[in-house]
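Residue strings, one per chain:
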Amino acid sequence: MSGSTTPQSAAEMRKILSTRKIERVVVLGANGTMGFGSAALFTTAVPHVTFLARTRQKAEEGLAAAIKQVRSPTVASRAEVGDYDNDLEAAVEQADLIFECLTEVLDIKKAMFDRVEKARRDDSIVATVTSGLSINKLCEGRSDSFRRNFVGLHFFNPPNVIVGTELIAGTDTDKELVDFVEAFATVRLGREIIRTQDTPAFAGNRVGFKVLNEAAQLAEDLGPVLVDRLIGPYTGRSLTPLATIDLVGWDIHRAIVDNVFANTQDEAHATNELPKYMAALMDKGVMGNKSGGGFFKKDGKVRLALDAASGDYKPVSEIKLPNLDYIDDVAHMYSQGRYEEGISIFLDAEGDEADIARKVIAGYISYAFHRVGEVTETITGIDMIMGAGFNWAPPSVLVDTMGAAAAARMIDEAGLPVPKAIISAVESGTPKAFFTHPHVNVGKFFVAG
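Predicted model only: the values in this text are computed from it and were never measured. (Residues numbered from 1 in each chain as written. Predicted model: local features only at pLDDT ≥ 70, side-chain atom pairs only at ≥ 80, totals over all residues. Heavy atoms only, no water.)

## Some points on helix α2 (residues 33-43)
No. 1: Counting buried positions over the 11 residues of α2 gives 10, a clear majority of the element.
No. 2: Along α2, the residues classified as buried are M34, G35, F36, G37, S38, A39, A40, L41, F42 and T43. (Buried < 20%, exposed > 50% of the residue type's maximum accessible area, 1.4 Å probe, protein only. Helix = DSSP H or I, 4+ residues; strand = E, 2+ residues; numbered from the N terminus.)

Okay, here's the thing in structure tokens:
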């Protein structure tokens, strides 16, 4: 489903797919987590997938990781490996789709596209998995053929599990090509496609990392354990925010929020500023799970939590939290499918901690609705990428469950701007529901944990 256009029917998708073939895919950066995950995904639909990396050994490591990740013999039977120095030009020349998964640095990607442009056929598709760099800047100065055939195809990690995918066209991207990529990704790769505008961090990361970074800011004073409890599963997510940053990697988090902070000036600008303590700890090598620890880490079987001020860790079991019984009450209601009653308990909970949690959730809803027209054409696009990409309760689902009046009151009491669409729903009674997707069971977003 597209977030900005009428969904194509199955027959229309098949007709579009018949216009060209994708039989050879080259993945650049195939040794990285997103690279080998994407390459593994392509092997489910394409007979020849080439894993390329700086060295053949790196590419082979990527292939091994891909096989381990998806546990399918199909990966090995359809994969080849190579390195940039010896194999790039020949592989790119034969490829129908060149898929770039290099690190999130504009100059590094552009340098690789210099080589791709010299070797590719005029009709081959070039796609980048960038999580938020400008599509137009990435193809700036390229040939007409390159720009017409260049798109962003943003998978979420791991792509074999998370189906939400953003499709981003540049100013010069051929519209028929965009339709084809959507059909191919939907039908052949099983993606839930959301078309977004070419804006910093697109839709999902723009909204999602705003919330994650706000949690990181709060952790400086409240500590990671309390923050992850306050903004935990009962607020509509399966993984807590700071654990998510550790999983994604602090470097990736920094690249995304720095990009948004530097290139936007919206009403929540300050929440996208990376906390200084994170920058200082990153200078010492703290990168999240990939470096052995971030907000949390393990010492044997003991889970430790970071003290942001000192950079030291202490056992989570020794950290005392205030009374948060309301969270258990909310989760109990969710466990019985009584979502509206659970949300009501959250809205009525007393205490400073409940106020903090409501402000973060109010900010999530307000920020998402205010991005309509900027990152996607409708709130549905943002809803779908938050649901299918982040596995978070979509903003509209939360509003519908609370009721528009209660949502407006929560946002206003948090000192945040109430979106016009929610004000209109309060005043007119329409729409009765913002989220109307017929095939999504919204109960899955209310986690009883």
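On we go.
## Observations concerning the sheet that holds strand β3 (residues 79-83)
No. 1: With mixed pairing, the 8 strands of this open sheet are ordered in space as β3-β2-β1-β4-β5-β6-β7-β8. The open sheet has two free edges, formed respectively by β3 and β8 (192-196), since each of these has just one partner strand. In this sheet, neighbouring strand axes are inclined to one another by 25 degrees on average, regardless of whether the strands run parallel or antiparallel.
No. 2: Note that strand β1 (residues 24-28) and strand β2 (residues 48-53) share 5 bridges and pair parallel. Across the sheet, the residue bridging to R24 is H48, located in β2. (Pairing = 2+ DSSP bridges. Axes fitted to C-alpha atoms, helices over the stretch in contact; angles between N-to-C directions.)

## Examining the packing of aromatic side chains
No. 1: Here the structure, examined in full by the defined rule, presents 19 aromatic pairs.
No. 2: When the centroid spacing of 6.2 Å and the interplanar angle of 15 degrees are considered together, the rings of F180 and F184 count as stacked. Note that F180 and F184 are positioned in helix α9 (residues 175-188) at a spacing of 4 residues, about one turn of the helix. By the burial criterion, F180 is buried, and F184 matches it.
No. 3: By the ring-pair criterion, three or more aromatic residues cluster together here, those being F156, F209, Y364, F390 and W392.
No. 4: Its guanidinium or amino end placed over the ring of F146, R142 lies 5.6 Å from that ring's centre, counting from NZ or CZ.
No. 5: Cation over ring: K297 sits above Y313, and NZ or CZ is 4.3 Å from the ring centre. (Phe/Tyr/Trp six-rings, centres within 6.5 Å; stacked < 30°, edge-to-face > 60°. Lys NZ or Arg CZ within 6 Å of the ring centre and 35° of its normal.)

## Some remarks on the sheet that holds strand β9 (residues 296-299)
Remark on secondary structure: sheet strands pair via backbone hydrogen bonds, oriented parallel or antiparallel.
No. 1: With respect to topology, 3 strands assemble into an open sheet ordered β9-β10-β11, the strand pairing being antiparallel. Lying at the two open borders of the sheet, with one neighbouring strand each, are β9 and β11 (313-315). For this sheet, the mean inter-axis angle between neighbouring strands, taken without regard to orientation, is 40 degrees.
No. 2: Here β9 runs beside strand β10 (residues 302-306); their pairing, made up of 4 bridges, is antiparallel. From the neighbouring strand, K298 faces β10, where its bridge partner is R303.

## Thoughts on the nonpolar core
No. 1: The biggest cluster of nonpolar side chains holds 84 residues, and the ones touching the most others in it are F295, Y326, I365, M402 and I422.
No. 2: With 10 residues, helix α17 (residues 352-370) is the single largest residue contributor to this core.
No. 3: Setting aside its immediate chain neighbours within four residues, Y326 contacts L230, Y234, I345, F346, A349, E353, A354 and A357.
No. 4: In this structure, L41, A79, I125 and L177 belong to the second largest nonpolar core, which totals 42 residues. (Core = buried A, V, L, I, M, F, W, Y, C linked by side-chain atoms within 4.5 Å. Contact = heavy atoms within 4.5 Å.)

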